Amino acid sequence: VAEPKTLQTTNWIMEYVSSLFGGGNGDEDPACIEALEERVSQLEFTNVSPAFHKSNKEEPEALSVPALVESTPAKGRAKNKSRPEDEDLQAIFNLEAKNSNVEEQTIEIPDVPSPKAPYRVWGGPIMPASDETFWAWATRVLGGVTSAHGINRLVDPDNGVLRVVIWLGIVVACSYALVFFVESTLRGFLSAGVVRDITYSLHDGTLPMTTVCNESPIRCGCEAFYDERVRDNYLDRVLPFLCKDALVFKEAMVDPLDSVTGQRLSYTTLESLETMVDLQETRAKMRNFTRTINCDSGVFTKEWVLQRLVDGNLRQMDVIKYAGYTHRDDLIKECKTVDNTASSKTFGHPISCMDDRWWSPPWVDTTHGVCHTLSPCHGFPVGQACDNDQECEHELNYEALKTRNSDSLSNLPPHAKVTGGYCHKELKTCICTACAAGTDCITPKQLNPGRGRGIRLGVWAGVEADAVISSARASRWHSGIIFHLHSHADTHSVSQGMSIGAGQVSDVTVQLHELKEKAFPYTGCSPTYNVAPDVCRTNCLLRAQATNCCGQTVTNISKGKFEPLVYSATKESEKILIHNPVLLCNILDPEVRSCFHQQVQAMATGQICQNGALGMTAGYLADLMYKSNMYDDRFISTKTGLSKMEVQSQAIQKQCVWTFDVGGETETDNGKSCLKDNECKSSQGKVDGKCMEAFRAFCPSRCLSRQYTISSVATATIAPATLALLAARELALVSMQSEILKTEPKTLAFKPRCARVNGHLTDTPDCFTPA
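Residues numbered from 1 in each chain as written. Predicted model: local features only at pLDDT ≥ 70, side-chain atom pairs only at ≥ 80, totals over all residues. Heavy atoms only, no water.

**Let's talk about unusual backbone geometry**
The omega torsion across Phe 520 and Pro 521 is 10 degrees, close enough to zero to call that bond cis. Tracing the backbone through its elements, the reader meets Pro 521 in the loop between strand 16 (504-516) and helix 17 (533-550). The phi dihedral of Asp 440 falls on the positive side, at around 55 degrees, and the residue is not glycine. (Helix = DSSP H or I, 4+ residues; strand = E, 2+ residues; numbered from the N terminus.)

Below, the structure written as structure tokens:
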């Protein structure tokens, strides 16, 4: 009792006592009830105050509740067997009998011990009595109060040992099932995929980046390929670069035939086209080939290439710099868009987008050679107000540069970022320098939807310049142009672009898809990666090829990108940074080419460039739960700009490998770090794995990704009148350039329309002259 209170509890006590003596069913002893009512009436206005006097040994005359219980036992209860409630009631009725007529008297309540542990922990009305043991309390509560099925059966005193054992087994089994299903439900919820909501909305009109490459990256008419020094002594080295007009193929069957049935015993694929060339006839035809063109460009001259051919050390970058479409006007003939600068006098009108402010510097793709990209400043906040350079970073860099719970920026290596944005100190606006001009870069934008209001490109397919054998090796079976619509994240996915043949007009409709996903543990996406997974995996293959086939040292791979390598034609020439190590490999070495194919096969079978999270675990929910083989790219280090898991994955030197044909996708230790083969035991009792050099592709998808896709294409043949117009313009251009530069043009199809007389074009009505 905490403080004195007035008890007006007649009705309550009567109901309580009634329940003790028969449950209020009419079996109560009238004499007992009358005596009890007399005592209770004295309590109606009695103050109850605490009197905890342990030394008080004398007890006043009191109503003995146990005696009443003995004289009138409740149904179903043993005689002379008191309950804890009875003893508590006895303490309440311990009154002075002599002062029954006094209107107000003090009740002395005996010392009541503090509630025991179950009451302090649980609380509520089910409290133990003062002298009740824990087991007695638990038996009383679990036996008659709890609603948990099965537990009350365990403590029922009428049960035998066998019945208790059976119920114990049932309770344990059900408890295990409860824990199992609850745990599996939680795991199922936490590991479930994210539900994607698909919505449609109009974007701001910013057009995608457009990369243009030629299906035939090498111009076959370059003079060095037909020089007598390589023609007579090193023909096998220049065969991949010759035009179809200079090649003669064997008419004899190159595949073995069955002598009886005449059926082929084996097949030679078209990729091995050089095996079908008649070398002697080809040499003779090369002597009469007159459609050569001058491909010299700076230090990359005919004599320089001839020396590399004679030495047998021609790198892929060498032949691309000499015979590739390194000059944009060799490939792009026309570019039209709409002026989107509000302050311009031509705002909203068609303008040309041919100059360097619209285009990136040329870059090299492994398969398609030199490529040119329109709108390289896509994704930069050009024109936005700023105070520092960080505010002008590309949108793909933003999350990668931030660090968890900190305002400081991570030291992400420059090659792992999308570079080109900075804050102009005077204008206090964001500027982009990613275009070829290096300043005042422009991003095309569509002001109004509709056909012909976006970008129009006129490109030169160069059908007559196709190097047939090189195209066959790369499985390119037609001449044309590759158009790739993309953002900076998937710039190098050129092979996913659309191929357009010569003599065609194609109208393309573009859609922008935006995907948002939750990061680990819901999915394995990354909030910081700025490169598409397919580009990242391709870079892993290139690293394996450069390392295993060319002896290149490729280090410091960050977020799926290479640290740039230095290329130069000579020791004294300009140094060029390239991001593809395979471009430095000697393409004349047949062993190198064979090794390239082996690495492609190794990737296809699962030996290299597997999931970079294989063999690794990551915790969540305060590390109470874990997931294996799933990317966790959340925690970025300020020192490296990389996540903890990426650093650990790249540090693995050797790993256990099971190929796909032996169930590698189901082996739990696939990708685990190892030192010896005996550490790679099969978890399924099947074929053991091998401990191999690790080429891991740590390539998570981006949690917020945007991808441009082609929604529709309409293709038709160019109208004859349009074709005549284009031909006339090109003839005029090459004729005037030939007059000014005193050189032959760099294309085979278009030559000056008039011959020179004394070094100048003849002045006739059919020729194009300065006048």
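**A look at helix 19 (residues 644-651)**
Among all positions in helix 19, only Met 645, Glu 646 and Ser 649 are buried. The buried residues of helix 19 occupy an angular sector of 100 degrees when projected down its axis, which confines them to one face. The secondary structure elements touched by the buried residues of helix 19 are strand 20 (617-620) and strand 24 (696-697). (Buried < 20%, exposed > 50% of the residue type's maximum accessible area, 1.4 Å probe, protein only. Arc of directions from axis to C-beta. Contact = heavy atoms within 4.5 Å.)

**Some remarks on the sheet that holds strand 13 (residues 456-459)**
Ordered in space as 6-5-13, the three strands form an open sheet in which the pairing is antiparallel. Of all the strands in the sheet, just strand 6 (350-352) and strand 13 have a single pairing partner and so form its edges. On average, adjacent strands in this sheet sit at an angle of 20 degrees to one another, irrespective of strand direction. By the bridge criterion, three bridges tie strand 5 (residues 332-338) to strand 6 in an arrangement that is antiparallel. (Pairing = 2+ DSSP bridges. Axes fitted to C-alpha atoms, helices over the stretch in contact; angles between N-to-C directions.)

**Notes on helix 12 (residues 302-311)**
Taken together, the buried positions of helix 12 are Trp 304, Val 305, Leu 306, Arg 308 and Leu 309. On its buried face, helix 12 sits against helix 9 (228-233), helix 10 (235-238), helix 13 (316-323) and strand 17 (565-567). At the C-terminal side of helix 12, Gly 312 shows a positive phi close to 75 degrees.

**Notes on the state of the cysteines**
Summed over the entire model, instances satisfying the criterion amount to 15 disulfides. Through a disulfide, Cys 386 is tied to Cys 423; the S-S separation comes to 2.0 Å. The disulfide joining Cys 386 to Cys 423 has a torsion of about 90 degrees about its S-S bond and is therefore right-handed. Highlighted residues: Cys 386 in the loop between strand 8 (369-374) and helix 15 (398-401) and Cys 423 in strand 11 (residues 421-423), separated in sequence by 37 residues. What makes Cys 423 buried here is its relative accessible area of 7%. (Disulfide = S-S within 2.5 Å.)

**Notes on the packing of helix 17 against helix 18 (residues 590-604)**
Axis separation between helix 17 and helix 18 bottoms out at 9 Å; the angle between their running directions is 140 degrees. Between helix 17 and helix 18, the angle falls in the class oblique. The interaxial crossing formed by helix 17 with helix 18 has right-handed handedness. Residues Arg 537, Leu 541, Ala 544, Gln 545, Asn 548, Cys 549 and Cys 550 of helix 17 pack against Val 592, Cys 595, Phe 596, Gln 599, Val 600 and Met 603 of helix 18. Tallied by class, the residues present in the contact of helix 17 with helix 18 amount to nine nonpolar, three polar and one charged. (Parallel < 35°, antiparallel > 145°, perpendicular 65-115°, else oblique. Left-handed = near helix turned anticlockwise from the far one by under 90°. Nonpolar A, V, L, I, M, F, W, Y, C, P; charged D, E, K, R; others polar.)

**Brief notes about the sheet that holds strand 14 (residues 480-486)**
Across the sheet, five strands lie side by side as 7-8-4-14-15; this open sheet has antiparallel pairing. Looking along the sheet, the strands with just one partner apiece sit at the ends: strand 7 (363-365) and strand 15 (498-501). Direction aside, the axes of adjacent strands within the sheet are offset by 35 degrees on average. Bridge count between strand 4 (residues 209-214) and strand 8: four bridges; the pairing is antiparallel. Across the sheet, residue Thr 210 finds its bridge partner in strand 8, namely Leu 374.

**Let's talk about the side chain of Glu 646**
Relative to the elements of secondary structure, Glu 646 occurs in helix 19. One buried charge, Glu 646, has no salt-bridge partner; the nearest side chain with opposite charge is Lys 559, at 4.3 Å. Of note is the side chain of Glu 646, whose polar atom sits 3.1 Å from the side chain of Tyr 529. Ignoring any residue separated from it by four or fewer positions in sequence, one finds Glu 646 in contact with Tyr 529, Ile 557, Ser 558, Lys 559, Gly 560, Asp 633 and Phe 698. (Lys, Arg positive; Asp, Glu negative; His and termini not counted. Salt bridge = Lys/Arg side-chain N within 4 Å of Asp/Glu carboxyl O. Polar contact = N/O pair within 3.5 Å; in protein donor to acceptor, adjacent residues only side chain to side chain.)

**Looking at a nonpolar patch on the surface**
A contiguous nonpolar patch, built from Val 508, Val 510, Ile 710 and Val 713 and spanning about 250 Å² of accessible area, is present on the exposed surface. Among the secondary structure elements, those contributing two or more residues to the nonpolar patch are strand 16 and strand 25 (704-717). Mapped onto the fold, Val 508 is located in strand 16. (Patch = residues over 30% accessible without salt bridge, like charges linked within 9 Å, V, L, I, M, F, W, Y side chains within 5 Å. Areas by Shrake-Rupley, 256 points an atom, 1.4 Å probe, with all protein chains shown as cover.)

**As for the packing of aromatic side chains**
For any pair of aromatic rings, the description rests on two quantities: the centre-to-centre distance and the angle between the ring planes. Evaluated as defined, the whole model comprises 10 aromatic pairs. Look at Phe 300 and Tyr 567: their rings are 6.4 Å apart centre to centre, the planes differ by 5 degrees, and that puts the pair in the stacked class. One end of the pair, Phe 300, is in the loop between helix 11 (279-287) and helix 12; the other, Tyr 567, is in strand 17, with 267 residues separating them in the sequence. Its relative accessible area of 0% is what places Tyr 567 among the buried residues. Pairing Tyr 631 with Phe 698 gives two aromatic rings, centres 4.9 Å apart and planes at 80 degrees, and the pair type is edge-to-face. Of this pair, Tyr 631 sits in the loop between strand 21 (625-628) and helix 19 while Phe 698 is found in the loop between strand 24 and strand 25, placing the two residues 67 residues apart along the sequence. Each residue in the set Tyr 176, Phe 180 and Phe 181 is aromatic and connected to the rest through ring pairs, giving one cluster. A cation sits over an aromatic face here: Arg 219 above Tyr 325, 5.7 Å from the ring centre. (Phe/Tyr/Trp six-rings, centres within 6.5 Å; stacked < 30°, edge-to-face > 60°. Lys NZ or Arg CZ within 6 Å of the ring centre and 35° of its normal.)

**Some points on the pairing of strand 4**
Within strand 4, six of the six residues are buried, which leaves it mostly tucked inside the rest of the structure. Neither face of strand 4 is open: one carries Met 209, Thr 211 and Cys 213, the other Thr 210, Val 212 and Asn 214, and all of them are buried. As paired elements, strand 4 and strand 14 share six bridges and run antiparallel to each other. Bridge assignment links Asn 214 to a residue of strand 14, and that residue is Ile 481.

**Some remarks on the pairing of strand 20**
Examined bridge by bridge, strand 20 and strand 21 share four bridges and lie antiparallel to one another. Across the sheet, the residue bridging to Thr 617 is Ser 628, located in strand 21.

**Considerations on the nonpolar core**
One finds Phe 225, Tyr 226, Leu 242, Val 319 and Tyr 322 to be the most contacted residues of the largest nonpolar core, which totals 45 residues. At the level of secondary structure, the elements contributing two or more residues to this core comprise helix 10, helix 12, helix 13 and helix 16 (468-473). Element by element, the count of residues in this core is highest for helix 13, at five residues. Residue contacts for Tyr 226: discarding those within four places in its chain leaves Cys 220, Gly 221, Arg 231, Leu 242, Cys 243, Ala 246, Met 286, Phe 289 and Thr 292. (Core = buried A, V, L, I, M, F, W, Y, C linked by side-chain atoms within 4.5 Å.)

**Quick word on the environment of Val 238**
Structurally, the position occupied by Val 238 is in helix 10. Residue Val 238 is classed as buried on the basis of its relative accessible area, which comes to 0%. As for Val 238 and Leu 588, which are separated by 350 residues in sequence, their C-alpha atoms are 9.0 Å apart. Residues within four places of Val 238 in sequence aside, it is in contact with Phe 225, Val 230 and Leu 309.

**Points about empty space enclosed by the protein**
Empty space among the atoms can be located by rolling a probe the size of a water molecule over them. According to the stated counting rule, one finds three cavities of 30 Å³ or more in the structure shown. Each pocket or cavity is described by its volume, and for the largest cavity that value is around 70 Å³. Around the largest cavity, the lining residues are Cys 536, Asn 539, Cys 540, Arg 543, Ile 557, Gly 560, Phe 562, Gln 650, Arg 696, Ala 697, Phe 698 and Cys 699. For the lining of the largest cavity, the secondary-structure elements that each account for two or more residues are helix 17 and strand 24. If you tally residues by element for the lining of the largest cavity, the top one is helix 17, at four residues. (1 Å grid on protein atoms, 1.4 Å probe; cavity = no way out; pocket = protein on both sides within 12 Å on 5 of 7 lines; lining within 4 Å. Points joined across faces, edges and corners; volume = space filled by probe spheres on them.)

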